[in-house]
Amino acid sequence: MTSIPDGLNFNRDLSRPIRSFVRREGRITSAQQRAFTEYWERFGVEADTRLLDPERLFGRSAPWVLEIGFGNGESLAAMAAAHPGVNYLGIEAHRPGVGHLLLRATELQLTNLRVMCADAAEALKKQLPDECFERIQIFFPDPWPKARHHKRRFIQSGNVALLARKLKPFGQLHLATDWEDYALSMLDILNATPELANTVGGNGFTPRPSWRPMTRFEQRGLRLGHAIRDLLFVRAAPGGY
Ligand SMILES: C[S@@+](CC[C@H](N)C(=O)[O-])C[C@H]1O[C@@H](n2cnc3c(N)ncnc32)[C@H](O)[C@@H]1O
């Protein structure tokens, strides 16, 4: 294989998109595997090309929140349990994490949570309607710290433009990370997205909201001595802000 300095690999299949995750199926436990058999029907949403209808999905009309990359789903389950009047959709590419959340959602008897095991970038393009979410949250997305891997980061201008389109007017985009350079890059990308405005004004991060439950990767970041940064932007109303 030819070695190319910037990490480009001409043997890569160019018809395949660059993904923000790597699938590691090996580590699924038998309980998580069983959760797919027993509880998928109750909570699961298939990844396909049909546009989702929130009223059919939840059997009611209520504010809708999307979480992308929920990991093991503990913080998403805690939020859904704490806010029964809100509908939550979680999208996670890692099957063991989805299995873990199916178990927790069953234990908590949640009726306001639905789950997709999919690439969120694909779901945003094919299945999620425009202007439907009160909030989209992405907590501690994979930082892909090596410069040659930055192209794998989920927070890129193309994905952010899509996220902005999926928010209702004045809907919120909430991001958090423990990686300083990713935080600064997020801030630049969000500031450069005309549909979004920073809730703290100027060019800054927002103080960590007390209502955001601690996540597994946040705990890991704190153990490593990393500073945590939250970003909270809103979608401007059509025709101006
Ligand atoms: C670093 S973990 C953070 C998990 C969790 N939010 C937390 O804070 O503990 C990032 C998660 O995002 C998921 N992920 C990355 N890209 C994704 C994508 N395009 N669609 C869905 N999930 C994705 C990964 O599988 C991983 O579980």
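Data block above holds the structure.
Residues numbered from 1 in each chain as written. Predicted model: local features only at pLDDT ≥ 70, side-chain atom pairs only at ≥ 80, totals over all residues. Heavy atoms only, no water.

### Considering the site of the ligand
Here is step 1: In the neighbourhood of the ligand, 19 residues make up the surrounding shell, with Ser20, Gly69, Glu92, Phe139 and Thr215 lying closest.
Here is step 2: Contact between the ligand and serine 20: a nitrogen atom at 2.7 Å from a side-chain N or O atom of the residue.
Here is step 3: Here a nitrogen atom of the ligand sits 2.9 Å away from a polar atom, N or O, in the main chain of alanine 120.
Here is step 4: When the ligand sits alone it has 590 Å² of accessible area, and the protein chains cover 93% of it.
Here is step 5: Listing elements by their share of the shell around the ligand, those giving two or more residues are β2 (87-92) and α8 (216-223).
Here is step 6: Looking at the shell around the ligand, its residues break down into ten nonpolar, five polar and four charged. (Near = heavy atom within 4 Å. Polar contact = N/O pair within 3.5 Å; in protein donor to acceptor, adjacent residues only side chain to side chain. Areas by Shrake-Rupley, 256 points an atom, 1.4 Å probe, with all protein chains shown as cover. Helix = DSSP H or I, 4+ residues; strand = E, 2+ residues; numbered from the N terminus. Nonpolar A, V, L, I, M, F, W, Y, C, P; charged D, E, K, R; others polar.)

### As for helix α7 (residues 180-191)
Here is step 1: With twelve residues, α7 should reach 16 Å at 1.5 Å per residue; the first-to-last C-alpha distance of 16 Å fits that figure.
Here is step 2: Residues Tyr182, Ala183, Met186, Leu187, Ile189 and Leu190 constitute the buried set of α7. One side of α7 carries all its buried residues, which in axial view fall inside an arc of 170 degrees. (Expected span 1.5 Å × (residues − 1). Buried < 20%, exposed > 50% of the residue type's maximum accessible area, 1.4 Å probe, protein only. Arc of directions from axis to C-beta.)

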